[in-house]
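Understanding the architecture of this molecule
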Amino acid sequence: MKKTFVTTLPDHVGSFLKASRLIASFGLNITRVSYNKAIDSHTLFIEAEGDEFQLMRVGAMLKDIGYILEEEKKNEVMLIEFRLEDKPGSVCRIIEIIKKYNFNISYISSQENGSEYQYFRMGLFIPPENKLEEFLTEASSVCY
């Protein structure tokens, strides 16, 4: 099982190392990290893989050390990767679906890779009335 932790790291040397050591101490593997200082100098997406109990414990520990903050608004941020055909207008179809569900993009990253596909990673703010399952079903009808 994989889980993406949306962390808010303090701005000092060793913050990511501390989070990485904590995650490793539970036997979890970090499978993806995403950070963009130009967008937000403190937010770091860390995806880890392991069993549900381990992931839950790591989430609680990251919260205990102040790396996951309580949000007053109950919005969730999900880091999702879309595989889109590498042709003009492909990303528009996904962005139209994102708009339809009233999700806000907090992060986006993509780069062409010489294949017929591009992989877009997006951090999406999911409002409390969470229609994530419906969104994922509709999005998967136009891409992987």
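Structure first, text after, so check above.
Presented here is a report on the structure given in the accompanying data block. These numbers come from a predicted model, not from an experiment. (Residues numbered from 1 in each chain as written. Predicted model: local features only at pLDDT ≥ 70, side-chain atom pairs only at ≥ 80, totals over all residues. Heavy atoms only, no water.)

**Quick notes on the side chain of T7**
Put simply, the rule is: Runs of H or I in DSSP of at least four residues are treated as helices and runs of E of at least two as strands, each being numbered from the N terminus. Exposure is judged per residue with a 1.4 Å probe applied to protein chains only, and the accessible area is read against the type maximum: over 50% gives exposed, under 20% gives buried, and values in between give partly exposed. Identification of polar contacts relies on pairs of N or O atoms within 3.5 Å, with a donor-acceptor requirement for protein atoms, meaning one able to donate a hydrogen and the other able to accept it, and with residues adjacent in sequence counted only if both atoms are side-chain atoms. What makes two residues a contact is simply this: any of their non-hydrogen atoms within 4.5 Å.
By secondary structure assignment, the location of T7 is in strand β1 (residues 2-8). Owing to a relative accessible area of 0%, T7 belongs among the buried residues under this scheme. Polar side-chain contacts of T7 include one of 2.7 Å to the backbone oxygen of L44. Setting aside its immediate chain neighbours within four residues, T7 contacts H42, T43, L44, I46, L62, Y67 and I68.

**Quick notes on the nonpolar core**
Filter applied, for reference: In these notes, a set of buried Ala, Val, Leu, Ile, Met, Phe, Trp, Tyr and Cys residues joined through side-chain atoms within 4.5 Å is what counts as a nonpolar core.
The biggest cluster of nonpolar side chains holds 16 residues, and the ones touching the most others in it are F82, I94, I98, F103, M122, L124 and F135. With four residues, strand β6 (residues 117-126) is the single largest residue contributor to this core. Non-local contacts of F135, meaning those with residues more than four positions away in its chain, are made with I80, F82, I97, I98, Y101, F103 and L124. Judged by nonpolar contacts, the second largest core, of 13 residues, contains L9, L44, A48 and V58.

**A word on the side chain of S90**
Inspection of the secondary structure puts S90 in helix α3 (residues 90-100). Take S90: its relative accessible area is 11%, and that puts it in the buried class. Side-chain polar atoms of S90 contact the backbone oxygen of E85, separated by 2.8 Å. Every residue in contact with S90, bar those within four places of it in the chain, is listed here: L84 and E85.

**Considering helix α2 (residues 52-64)**
Basically, it comes down to this: Take the residue count of a helix, subtract one, and multiply by 1.5 Å to get its expected span. The arc in question is formed by the directions pointing from the helix axis toward the C-beta atoms.
Along its 13 residues, α2 runs 18 Å from first to last C-alpha, staying within 8% of the 18 Å computed at 1.5 Å per residue. Listed as buried for α2 are Q54, L55, V58, G59 and L62. Buried residues in α2, looked at end-on, bunch into an arc of 135 degrees, giving them a common side. Turned more than 90 degrees from where α2 packs its buried face, E52, F53, M56 and D64 sit exposed. Along its buried surface, α2 packs onto β1, α1 (15-25) and β3 (43-49). Of the residues that open α2, the one with a side-chain oxygen 3.0 Å from the backbone nitrogen of F53 is D51. Remark: G66 follows α2 within two positions and exhibits a positive phi of approximately 85 degrees.

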